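# What the coordinates show
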Amino acid sequence: MSGKPFSTPPYPPTISVSDFDLAIPEEQVALLKHLLQLSPIAPETWENKQDKFGVSREWLLEAVEHWKSGFDWRAQEKEINSFPQFLAKVKGSEPDEEFDVHFAALFSERRDAVPIVLFHGWPGSFLEFLPLLSILRSKYTPTNLPFHFIVPSLIGYGFSSPPPLERSFSLEDCASVMQNLVEGLGFKDGYVAQGGDVGSLVARLLAVNDPNCKALHLNFCQMSKPDSVGDQDVSPEEGEALAANAMFGQLGIAYAMEQGTKTSTIGLVLQSSPVGLLAWVGEKFIECSDQTPSFDVILESVSLYWFTRTIAKCFYPYREMFSGSQLGHGNPNYRVSKPLGYSWFPKEILPSPKSWVSTTGNLVFHRAHTSGGHFAALEEPALFLEDLEAFVGQVWK
Amino acid sequence: MTSTIKVSPFKIEITNEKLDELKLAVKHSKIAKQVYDNSGNTYYGVTRDWIIKARDRWLDGFDWKKQENRINAFSQFVASVPRPNNKGNFDLHFIHERSSSPTARTLLLLHGWPGSYLEFLDLIDILKKTGEYNIIAPSMPGYAFSQSPPVDEEFGKEDVADLFHALVTGLGYEQYAIQAGDWGASILRIIAVKNPNSVRCVHLNFIPVGPPDGNITKPDLSSLTPVEKKNAMNSMKFLGEGRGYSEMHRTRPGTLGLVVGSSPIALLAWIGEKFLEWSDLDPDVDEILAATTLWWVTETFESSIYGYRDATGKADNPAWFIKTPTAYSSFAKELVISPKIWAEHSANITWYKYHEKGGHFAAMEVPDALAEDIVEFLNQEWKV
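Notes on the structure in this doc start here. (Residues numbered from 1 in each chain as written. Chains lettered and ligands numbered in written order. Predicted model: local features only at pLDDT ≥ 70, side-chain atom pairs only at ≥ 80, totals over all residues. Heavy atoms only, no water.)

### Thoughts on the overall build of chain B
Keep this limit in mind: The secondary structure listing takes helices from DSSP runs of H or I that are at least 4 residues long and strands from runs of E that are at least 2 residues long, numbered from the N terminus. This radius of gyration counts C-alpha atoms alone. The globule rule is 2.2 Å times how many residues there are, raised to the power 0.38. Partly exposed describes any residue whose relative accessible area lies between the buried limit of under 20% and the exposed limit of over 50%, with all areas from a 1.4 Å probe on protein chains only and scaled to the type maximum. Only heavy atoms matter for contacts: two residues are in contact if any of them lie within 4.5 Å across the pair. Computed with the Shrake-Rupley method and a 1.4 Å probe, the accessible areas treat only the protein chains shown as cover for residues. By the counting rule applied here, Lys and Arg register as positive and Asp and Glu as negative, while His and the ends of each chain are not counted. In plain terms, the charge of a residue is placed at NZ if it is Lys, CZ if Arg, CG if Asp and CD if Glu.
When its secondary structure is counted, chain B shows 14 helices and 9 strands. Taken against the 2.2 N^0.38 rule, which gives 21 Å for 384 residues, the C-alpha radius of gyration of chain B at 20 Å falls within 12% of a compact globule. For chain B, with 384 residues in total, the buried portion stands at 60%. When contacts within chain B are restricted to residue pairs at least 6 apart in sequence, long-range pairs at least 24 apart make up 77% of them. If you sum the accessible surface of chain B, you get close to 14,900 Å²; carbon and sulfur atoms cover 50% of it. When the 40 basic and 49 acidic side-chain charges of chain B are each reduced to a single mean position, those positions are 1 Å apart.

Take a look at the structure:
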């Protein structure tokens, strides 16, 4: 037991769960700085002088400079470690498969606390939810926190195990692991699943497949317009966001195509240099957020991917996407009959209107916001938390 | 025949310092851990094993100087070529092998991406021996030792086409033929359409067109031979699954150039994948390393992909139909293989041959076969 506040699991786990702290070896931190000194930066071109062809060279130079001298990994690490974290040994869906699953958590001492499990996406991580956890632990004490918040790292991300070497791993496999995690933590009276980006599919799978999952909250529900929905069934704001969505579909999805069809190549490309990784991932933080996060926030994320060497391990959801998988929010086979909540943020890159999302399940809760984008929990933690508290308050009996 | 443009002889001389820098950058590059995706199913791109083997060879065994000597055996030049509309001059690097025969025919060879003029060396050797051709093989703007596109204005395929026409005519040739594949084929198309009096005939090994009725989702394959049907299916597979790279080039060249420019291993993976996947038989790893070394030391990856967002000269655009007599050499392992009856809607095809062997880099892979095709076609359309 780590002794940190909110760190006592409420039930004796039936799986092995140990305390976890980030502790990147000093030599790795030094090596990263060394590589940043040595990494070449491509010369100026017409394309990299603009903002419309991805990150600009100017941005990259500034970010690398900050990474070299302004960014303090140890300070970030200390801040991250102020949150309770754990490493659990969890079985997968195949016999003999066992995974390390890393998660951050705030556990309550209340008997009636509602477990909420939140799933990040790509290029996200559990770090996205720390601002939200920060608000919670200021607002509540362990004795009155009305929830348990559990934030796992997906398989292939952060400090969780990579997917197996010998077979193609799917999001359904990942969801099975997460289902076993929650069960192993002893939450037998149900939990709420929450997700955005790739995590939204994991959360939906739990809502569909796990009887113990009682409700689903999404801030991302990418799908095509259902036939049953008219073009007029959108608010002006939703319509505006859809127009931006169309642009993204034309110009913004090459990364997904590459990740999904040339998974090996791009993994090798991006693992070869921290600067390349920063450009590829940084672009997403800039393009998909309402307000661009600070260098520190972006670099913290990229550092996590770099130190854990996970960029080549995390693309299986994209491979699945491009191999004819039927998994999707719009597929009736994945319709959710349990209570479904949806938070809509205007700068989400793939912003499905309420009328679309309501065809995918028992939509009982919907909030539309005037700020916030794809990384909603990271960008608007207070609004996000408000929505979650209201949703759970409404649906949890 | 006199040159009206300023031409200086050129030899490649990559300094040892630059080569050492490259080696150091390779050593500092990290190799991703083994995962399911990189373990051997090359469908997902280059494998980890291949990258490690190629990297090890690059550090120990690959001899750039040997490659350099081979390349320098060809007559290379840099010319200062005037751009139209008083846009100033532009330096173009090229091989120029002039025949001593007064009746020699001039042939312009255009490479594509991730190609270079190196692809043509064997072909040039074969054609040189006949003594019947003046051969010009330029480096595209932004490739190898040609000047890069300007950093403060858009630069596209028509700019390239105009430059190449000005190069050939500036060297004193009034008429010429052109051979091209990959996006060199778009440049060829623009030159031929814009300069019908100068271009005698053209040879293409790449004519990527869909069915004449425009229905690419459910093409009418009924009038195709079994081989043509199979090739059409493979082409659609490529269009469905093989375009991640070109979409990145088209939409995010800023990011991609910075990513690939950050490590020679990143560059090797990105372009090595194409050499392996797009060829019939895998090229020798030294050939891939020579190309990658040239890309790296000239820092030209990021300046090589401007053509992807420019739709000028597309094969299926009627505005760019080639009226000039056209040869179509179709190779079985090409990425997008249009049957002759579809390609006829894109060019005035007067000569056609289908090859069972050879892929996207025809000149590099099967130079003898390609040379034979060119010679036969030129003898047909450009009688001396």
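### As for the overall build of chain A
In terms of regular secondary structure, chain A is built from 15 helices and 9 strands. Relative to the globule expectation of 21 Å for 397 residues, the C-alpha radius of gyration of chain A, 20 Å, shows essentially globular dimensions. Along the first, second and third principal axes, the C-alpha set of chain A runs to 60 × 55 × 45 Å. Sequence separation of at least 24 residues holds for 78% of the intrachain contacts in chain A that already meet a minimum separation of 6.

### Overview of a negative patch on the surface
Defined as follows: Excluding any residue in a salt bridge, patches collect residues exceeding 30% relative accessible area, merging like charges within 9 Å and nonpolar Val, Leu, Ile, Met, Phe, Trp and Tyr side chains within 5 Å. Salt bridge, as used here, is a side-chain nitrogen of Lys or Arg placed within 4 Å of a carboxyl oxygen of Asp or Glu.
Taken together, the side chains of Glu17, Asp20, Glu21 and Glu299 of chain B define an acidic patch exposed on the protein surface. In this structure, glutamate 299 of chain B sits in the loop between helix H11 (285-297) and strand E8 (322-333).

### Some details on the side chain of glutamate 238 of chain A
All names here are of chain A. Definition in use: What qualifies as a polar contact is a pair of N or O atoms within 3.5 Å, subject to a donor-acceptor requirement within protein and to the restriction that residues adjacent in sequence count only when both atoms come from side chains.
Structurally, glutamate 238 is set in helix H7 (residues 236-251). Buried charge without a partner: glutamate 238 forms no salt bridge, and the closest opposite charge is lysine 354, 7.6 Å away. A polar contact of 2.9 Å, which involves the side chain of glutamate 238, links it to the backbone nitrogen of serine 235. Setting aside residues no more than four positions away along its own chain, glutamate 238 makes contact with Asp233, Trp344, Pro353, Lys354 and His366.

### Description of the sheet that holds strand E5 (residues 147-152) of chain A
Residue and element names in this part refer to chain A. Put simply, the rule is: Pairing between strands requires that DSSP locate at least two bridges from one strand to the other. Helix axes are fitted to C-alpha atoms over the stretch in contact, other axes to C-alpha atoms as well, and angles between N-to-C directions run from 0 to 180 degrees.
Taken together, the 9 strands give an open sheet; going across it, the order is E1-E2-E3-E5-E4-E6-E7-E8-E9, and neighbouring strands pair in mixed fashion. For this open sheet the edge positions go to strand E1 (17-19) and strand E9 (361-368), each flanked by a neighbour on one side alone. Direction aside, neighbouring strands of the sheet carry axes that sit 25° apart on average. Sheet topology places E1 next to strand E2 (residues 85-91); 3 bridges connect them, and they run antiparallel. Considered in E2, the bridge of valine 17 is made with alanine 88. Running over the sheet, helix H5 (residues 171-184) touches E2, strand E3 (98-106), strand E4 (114-119), E5 and strand E6 (191-195) and is turned about 115° from E2.

### Considerations on the packing of aromatic side chains
Residues and elements named next belong to chain A. For the record, the criterion: Two aromatic rings from Phe, Tyr or Trp, using only the six-membered ring of Trp, form a pair when their centres are within 6.5 Å; if the ring planes differ by under 30 degrees the pair is stacked, by over 60 it is edge-to-face, and anything between is tilted.
In the structure shown here, the tally under the stated rule is 39 aromatic pairs over all chains. Each ring, one from tryptophan 122 and one from tyrosine 255, has its centre 5.8 Å from the other, and the planes form 15°; the classification is stacked. Of this pair, tryptophan 122 sits in the loop between E4 and helix H4 (130-139) while tyrosine 255 sits in helix H8 (residues 254-261), placing them 133 residues apart in sequence. Across this residue pair, the class does not change: tryptophan 122 and tyrosine 255 are buried.

### Focus on the packing of helix H3 (residues 73-80) of chain A against helix H11 (residues 295-308) of chain A
Residue and element names in this part refer to chain A. The condition that has to hold: Roughly parallel covers angles under 35 degrees, roughly antiparallel covers those over 145, roughly perpendicular covers 65 to 115, and oblique covers all other angles. Under this grouping Gly is polar, as are all residues other than the nonpolar Ala, Val, Leu, Ile, Met, Phe, Trp, Tyr, Cys and Pro and the charged Asp, Glu, Lys and Arg.
Direction vectors running N to C along H3 and H11 enclose 90°, while the axes themselves pass 11 Å from each other. Classified by the angle their axes make, H3 and H11 are roughly perpendicular. Here Trp73, Gln76 and Ile80 of H3 lie close against H11, whose contacting residues are Asp296, Glu300, Ser303, Leu304 and Phe307. Of the residues contributing to the contact of H3 with H11, the split by class is 4 nonpolar, 2 polar and 2 charged.

### Considerations on the environment of isoleucine 126 of chain B
Residues and elements named next belong to chain B. Examined against the element boundaries, isoleucine 126 turns out to sit in helix H4 (residues 121-130). Sequence-wise, isoleucine 126 and phenylalanine 206 are 80 residues apart; in three dimensions their C-alpha atoms are separated by 21 Å. For isoleucine 126, the contacting residues outside a window of four places in its chain are Pro367, Asp368 and Ala371.

### Considerations on the side chain of serine 301 of chain A
Residues and elements named next belong to chain A. Take serine 301: it is sitting in helix H11. In this structure serine 301 comes out as buried when scored by relative accessible area, which is 5%. Filtering out sequence-adjacent residues up to four positions away, serine 301 remains in contact with Ser125, Leu127 and Phe285.

### Some words on the interface of chain A and chain B
Counted only if it meets this: Once two parts are brought into contact, the accessible area they lose, counted with a 1.4 Å probe and summed over both, makes up the buried area.
Contact residues are listed per partner, giving 58 residues for chain A and 56 residues for chain B. Summing both sides of the interface, chain A and chain B together bury roughly 4,900 Å²; the carbon and sulfur share of this comes to 63%. The interface formed by chain A and chain B holds 26 residue pairs in polar contact (both at pLDDT 80 or more) in total. Those elements giving two or more residues to the side of chain A that touches chain B turn out to be helix H1 (26-38), helix H2 (57-70), H7, H8, helix H9 (263-271) and helix H10 (274-288) of chain A. Among the residues forming the side of chain A that touches chain B, the class breakdown is 26 nonpolar, 18 polar and 14 charged.

### Things to note about the pattern of salt bridges
Applying the stated criterion across every chain yields a total of 36 salt bridges over all chains. Aspartate 387 of chain A is the partner of arginine 367 of chain A in a salt bridge, and the nearest nitrogen-oxygen pair spans 3.4 Å. One end of the pair, arginine 367 of chain A, is in strand E9; the other, aspartate 387 of chain A, is in helix H15 (residues 381-395), with 20 residues separating them in the sequence. Ionic pairing is found between aspartate 286 of chain B and arginine 57 of chain B, a salt bridge with its closest N-O pair at 2.8 Å. Placement of aspartate 286 of chain B in helix H11 and of arginine 57 of chain B in helix H2 (residues 48-59) is noted, with a sequence separation of 229 residues between them. Taken together, the salt bridges that share partners define one network made up of Glu283, Lys284 and Glu287 of chain A together with Arg252 of chain B.

### Notes on H8 of chain A
For H8 of chain A, a buried count of 8 out of 8 residues is recorded, marking the element as mostly surrounded by other parts of the structure. Looking at H8 of chain A, one finds that the buried residues are Ala254, Tyr255, Ala256, Met257, Glu258, Gln259, Gly260 and Thr261 of chain A.

### Things to note about unusual backbone geometry
Proline 123 of chain A follows tryptophan 122 of chain A through a cis peptide bond whose omega is 0°. Secondary-structure assignment places proline 123 of chain A in the loop between E4 and H4. Of note, the amide linkage connecting tryptophan 113 of chain B to proline 114 of chain B takes the cis form, showing an omega dihedral of 0°. For proline 114 of chain B, the location among the structural elements is in the loop between strand E4 (105-110) and H4. Positive phi, close to 70°, is recorded for aspartate 96 of chain A, a residue that is not glycine. Residue arginine 309 of chain A is not a glycine yet carries a positive backbone phi of 50°.

### A closer look at H11 of chain B
All names here are of chain B. The condition that has to hold: Multiplying 1.5 Å by the helix residue count minus one yields the expected span of that helix.
Counted at 1.5 Å a residue, the expected span for H11 with its 13 residues is 18 Å, and the 18 Å between its end C-alpha atoms agrees. H11 sits mainly inside the fold: 11 of its 13 residues count as buried. For H11, the set of buried residues is Asp286, Ile288, Leu289, Ala290, Ala291, Thr292, Thr293, Leu294, Trp295, Trp296 and Val297. Where H11 is buried, its residues meet helix H1 (16-28), H2, helix H3 (64-72), helix H9 (253-260) and helix H10 (264-278). Positive phi shows up at glutamate 299, right after H11, with a value of about 50°.

### Brief notes about the pairing of strand E8 (residues 336-344) of chain A
Side chains on a regular strand alternate between the two faces of the sheet. Residue and element names in this part refer to chain A. The element E8 is extensively covered by neighbouring structure, given that 7 of its 9 residues are classed as buried. Judged from the 7 bridges that link them, E8 and E9 form a sheet pairing that is parallel. Its bridge partner being in E9, valine 336 is matched across the sheet by glycine 361.

### Description of the nonpolar core
It is characteristic of soluble globular proteins that their nonpolar side chains tend to be buried jointly. As a reminder of what qualifies: Here the nonpolar core consists of buried residues drawn from Ala, Val, Leu, Ile, Met, Phe, Trp, Tyr and Cys, with membership extended through side-chain atoms lying within 4.5 Å.
Counting residues in hydrophobic clusters, the biggest one holds 267 residues, and the most contacted among them are Trp122 of chain A together with Trp113 and Trp270 of chain B. For this core, the element with the most residues is H10 of chain B, which contributes 10 residues.

In short, shape yes, function no, at least from these values alone.
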